[in-house]
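Structure at a glance
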Amino acid sequence: MSKLSTYRTECMGFAALMIYLFHCVPQFFTGKKLLDSTLLWYLKYGTFFGVDLFFLLSGFGLSYSFEHHPIRSMKGYKRYLIRRLVRIYAVYAPALALIALVDRMPPGKFLSELFLIRQFADELYTRLWFIPAIIVFYAAAPLCYRLYEASGRSEASGARSAIRRRKLFTVIMIILTLFVLFAGRTVIRGDLFSMLTRIPCFLVGFLLGYIARMDADPAGEFQTGRASVRESVCGKQPGSKTVLQDFSAALCVITGIGLVLLLDRGKIPEIIPAEDALFSELVGAGTAILLPEFLDRLRQTSFLRAPGKILMAVLRLFGSISLEFYCVQEWTWSKIKPLQLPHGALLNFCICVVLALFLHWIANGIRRLPRMTQPSGSS
């Protein structure tokens, strides 16, 4: 596994744990006014930025995928989409089957949720809204990437000039997205905004992936030095520029937390539905830069190396089962919470890990089926 893949997996693991914290741990804080009146409030209500980090890292990964396996035909697009659907449904289908079996779900309802009919036709929040959202993004990603690549293509310009043009293109697309969301706030179904407001962080993921490739060797791995998402943004030159980038990332995180808090307190108006997701994307983007830097420091500090290795191993584990973990955590908590056990959240966490590992084993078996694992090559 390349260093870049390792960092991405660790960030995915961190995102998975943040989503668990948002879904299942807030009940610890219920009724504790001290926590409700301080920035620790964010642990109770704001850690959904893990979803934004997921979308950003998905865009980042697709940027690399399209570089190594470019899609140049409809046949190639179909192969790409089938591979992505298999990866998702290898987890989603067994997870939903387990839920349907335990909850005695009627067959019609099961099929409706399996094929995402209920989510799109009725309510995205019916169950696991992230699944239909990421499928939509995967389906649209090749076209978006074509436009993105075209925005920076120039025979006469160098790499840095191409990066500047793609940054400008990304900013323009984000502004256009926000304008469309604002114009359609009374027309578009409200629950769909939880998906649509994540478009900007998906586009930022594309941008970070492209910048990272500019510093990569022909094999797609970073050359010697610190190989991280942070480096893809900051470049390899140390000094004041690096400090400024770290400061900017930290400012994004602090600003995002503050805006989510102010929105929750009614201090700023909600102009479009799911506006808090837009603010949360600032936290996700800043985290994508700062977290690899933090992990780098752990690797380089002798007395922190041992606990750092444990932390990174845990993050890699949850990064490898992030989708499986996501698919079961809310459902298991809905079963554990009513029991009001003294250590219910801890028990739920252990159950989630066991189920996620079981689903991971099943998903790997499905993905190894001969016709599903044939290499696609370039299309």
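Refer to the structure printed above.
Some points on a nonpolar patch on the surface
- A surface patch of nonpolar side chains, amounting to about 320 Å² of accessible area, comprises Leu339, Leu341, Leu347 and Ile351.
- One can find Ile351 in helix H17 (residues 344-367).
- Take Ile351: its relative accessible area is 30%, and that puts it in the partly exposed class.

Considerations on the packing of aromatic side chains
- For the structure on display, the rule yields 26 aromatic pairs.
- Residues Phe318 and Phe325 carry aromatic rings whose centres are separated by 5.2 Å and whose planes lie at 75° to one another, so their mutual orientation is edge-to-face. A single burial state applies to Phe318 and to Phe325, both of which are buried.
- Note that Arg166 overlies the ring of Tyr210, its terminal NZ or CZ placed 3.9 Å from the centroid.
- The ring centre of Phe182 lies 3.9 Å from the NZ or CZ of Arg185, which sits over that ring.

Here we look at the packing of helix H14 (residues 275-300) against helix H15 (residues 305-320)
- Where H14 contacts H15, the axes come no closer than 8 Å and their chain directions differ by 140°. Viewed along their axes, H14 and H15 adopt a mutual orientation that is oblique. The crossing of H14 and H15 is left-handed. Contacts between H14 and H15 involve Phe294, Leu295, Leu298, Arg299 and Gln300 from the first element and Arg305, Gly308, Leu311, Met312, Leu315 and Arg316 from the second.
- Split into classes, the residues belonging to the contact of H14 with H15 amount to six nonpolar, two polar and three charged.

So, unusual backbone geometry
- If you check the backbone angles, Arg104 has positive phi at about 55° while not being a glycine.
- Position of Arg104 relative to the elements: it lies in the loop between helix H5 (74-103) and helix H6 (107-114).
- Not every positive phi belongs to a glycine, and Gln340 is a case in point at roughly 50°.
- As for its position among the elements, Gln340 is in the loop between helix H16 (322-336) and H17.

Some words on the pattern of salt bridges
- Under the definition given, this model contains 10 salt bridges.
- When the shortest N-O distance is used, the salt bridge between Arg127 and Glu113 registers 2.6 Å. Placement of Arg127 in the loop between helix H7 (117-121) and helix H8 (130-151) and of Glu113 in helix H6 is noted, with a sequence separation of 14 residues between them. As far as the burial class goes, Arg127 and Glu113 line up, both buried.
- By sharing partners, the salt bridges in this structure join Glu10, Arg299 and Arg316 into a single network.

Thresholds applied
Residues numbered from 1 in each chain as written. Predicted model: local features only at pLDDT ≥ 70, side-chain atom pairs only at ≥ 80, totals over all residues. Heavy atoms only, no water. Patch = residues over 30% accessible without salt bridge, like charges linked within 9 Å, V, L, I, M, F, W, Y side chains within 5 Å. Areas by Shrake-Rupley, 256 points an atom, 1.4 Å probe, with all protein chains shown as cover. Salt bridge = Lys/Arg side-chain N within 4 Å of Asp/Glu carboxyl O. Helix = DSSP H or I, 4+ residues; strand = E, 2+ residues; numbered from the N terminus. Buried < 20%, exposed > 50% of the residue type's maximum accessible area, 1.4 Å probe, protein only. Phe/Tyr/Trp six-rings, centres within 6.5 Å; stacked < 30°, edge-to-face > 60°. Lys NZ or Arg CZ within 6 Å of the ring centre and 35° of its normal. Axes fitted to C-alpha atoms, helices over the stretch in contact; angles between N-to-C directions. Parallel < 35°, antiparallel > 145°, perpendicular 65-115°, else oblique. Left-handed = near helix turned anticlockwise from the far one by under 90°. Contact = heavy atoms within 4.5 Å. Nonpolar A, V, L, I, M, F, W, Y, C, P; charged D, E, K, R; others polar.

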